[in-house]
Structure formats: C-alpha cells, structure tokens
Amino acid sequence: HGVRVWDAKTGNLLSTLRGHETIVSGRCAVSGNGEIIVCPSEMNTVCVWDAKTGNLLHTLHGRSPVLVGCAMCAVNGNGTIIVCSFPRDISSFSAVGVWDAKSGTTLHTLNGRSLGLGCAVSGNGEIIVSTHLDNTVEVWDGKTGKTLHTLQGHSNSVEGCAVSGNGELLVS
C-alpha cells in the first residue's frame with residue numbers, strides 16, 4: 001500500500017512511500033513548501049512523510065474507532081499544520097482533526113454540524129474550513145478551534161473548498 005511521488009515536470013517516479021496498513025483513500029496533500037506529504041487511509045489513519053527523505057514522520061489517528069476513513073487532507077503553506085476531515089461516524093456528524101505536523105500532536109478536534117465532506121486550511125494556518133452534506137460550510141479559527149461562521153446558500157451538499165494563503169478569501 002504505497003503512495004507514489006512523481007516529478008511533475010518530467011513525469012518520473014521519485015519514490016513510493018510506505019506506512020499505511022490498508023488502502024490509501026481520500027485526497028492527499030503536499031505542503032506549499034514541498035516538505036510534507038500527507039495521505040489518509042480507509043481505516044482512520046493519516047500518514048505524514050518527509051517529502052525529501054521519504055521517511056514516515058507520524059501516523060495520525062481520528063478521534064475514535066467508530067470513525068471510518070478520511071475524505072480529505074490539507075496542509076498549510078509552511079507545513080506546520082495538518083487538517084483532515086473524517087466524515088463518517090455512527091452519529092453522522094463530522095470531525096476535523098488538526099495536528100502539529102512536526103510533533104504529530106493533536107491541536108484541535110473540530111466537531112461539525114453534519115456529515116463532513118472536505119476541508120482546507122489557509123497558508124498561514126489561521127483559517128480552517130470544512131464542507132458538509134447539509135449544504136453548509138463552516139469556518140474555524142485555526143488557533144483556538146472555535147467556529148467563526150457557518151455559511152449557507154448552497155442548494156446541494158458542499159464537497160470542495162479552498163482558502164487563500166492569507167485566509168482572506170474562501171471558495172466553496
């Protein structure tokens with residue numbers, strides 16, 4: 001169960017990262033500075049690798065064993081904050097895990113209002129965004145983990161989002 005790292009300019013395979021015990025699922029992420037690679041598995045874990053050496057730095061875990069799978073991962077620009085949305089648990093509410101990329105320490109568990117589908121983090125790590133099945137987008141303070149806004153207006157579930165590096169612009 002490997003994650004393949006490719007040279008985008010040449011198309012050459014650079015390495016195959018190992019560490020997941022099950023199938024890699026969901027969306028992987030690379031930090032803006034190219035130093036950290038993050039990929040989720042279907043069994044509630046997220047592996048974090050050093051992009052230059054290929055060394056496994058951490059295996060991160062969701063908040064509880066009833067969570068299954070990670071839909072999406074994001075890493076802020078300088079590779080210090082990792083954010084992953086875990087969309088399915090027995091209560092159908094989502095959790096967004098926030099970790100320190102260097103230590104692997106959990107910084108926050110953000111509890112969403114409905115089934116979560118995706119996430120993003122600003123380049124500076126100050127804004128975290130989660131998207132949901134109930135047509136909403138939640139905006140969180142990356143430092144405190146507090147909800148800043150619940151955005152409404154979509155007519156269907158919201159699967160994707162992005163936030164600018166400075167955290168001032170959000171698209172969903």
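The coordinates are above.
Remember, it's a predicted structure, so these values are computed and weren't measured experimentally. Numbering of residues starts from 1 in each chain and follows the order in which that chain's sequence is written. Two thresholds apply to this predicted model, a pLDDT of at least 70 for residue-level local features and 80 or more for giving and counting side-chain atom pairs, whereas whole-chain, interface and lining totals are computed over all residues. By convention in this description, side-chain values take in all heavy atoms of the structure and omit both hydrogens and water.

(A) Representation of the sheet that holds strand S11 (residues 116–121) in the model. Should DSSP find at least two bridges between two strands, the strands are regarded as paired. For helices the rule is a DSSP run of H or I covering at least 4 residues; for strands it is a run of E covering at least 2, with both sets numbered from the N terminus onward. Spatial strand order, S11-S12-S13-S14: four strands in an open sheet with antiparallel pairing. Every interior strand has two partners, whereas the edge strands, S11 and strand S14 (147–151), have only one. Strand-to-strand, the axes of this sheet are offset by a mean angle of 20°, without reference to chain direction. Two elements, strand S12 (residues 127–132) and strand S13 (residues 137–141), share five bridges in a ladder whose sense is antiparallel. Across the sheet, residue Ser-130 finds its bridge partner in S13, namely Glu-138. Note on method: axes are straight lines fitted to C-alpha atoms, helices fitted across the in-contact stretch only, with angles between N-to-C directions ranging 0 to 180 degrees.

(B) The pattern of salt bridges, seen in detail. For this analysis, a salt bridge means a side-chain nitrogen from Lys or Arg found within 4 Å of a carboxyl oxygen belonging to Asp or Glu. Overall, the coordinates contain one salt bridge when judged by the stated rule. Between Glu-126 and Lys-143 there is a salt bridge, with the nearest N and O atoms lying 3.9 Å from each other. Here Glu-126, found in the loop between S11 and S12, pairs with Lys-143, found in the loop between S13 and S14; they are 17 residues apart in sequence, far enough to count as distant. Classification of Glu-126 by relative accessible area gives partly exposed; the value is 37%. Relative accessible area serves as the criterion here: at 62%, Lys-143 is assigned to the exposed category. For every residue, the accessible area obtained with a 1.4 Å probe (protein chains only) is divided by the maximum for its type, and the residue is called buried under 20%, exposed over 50%, and partly exposed between those limits.

(C) Highlighting the pairing of strand S9 (residues 95–100). With five of six residues buried, S9 is to be regarded as a mostly interior element. The pairing of strand S8 (residues 81–86) with S9 spans six bridges and is antiparallel. The partner of Phe-86 across the bridge, within S9, is Ala-95. Pairing of S9 with strand S10 (residues 106–111), which is carried by five bridges, proceeds in the antiparallel orientation. Along S10, the bridge assignment pairs Val-96 with Leu-110.

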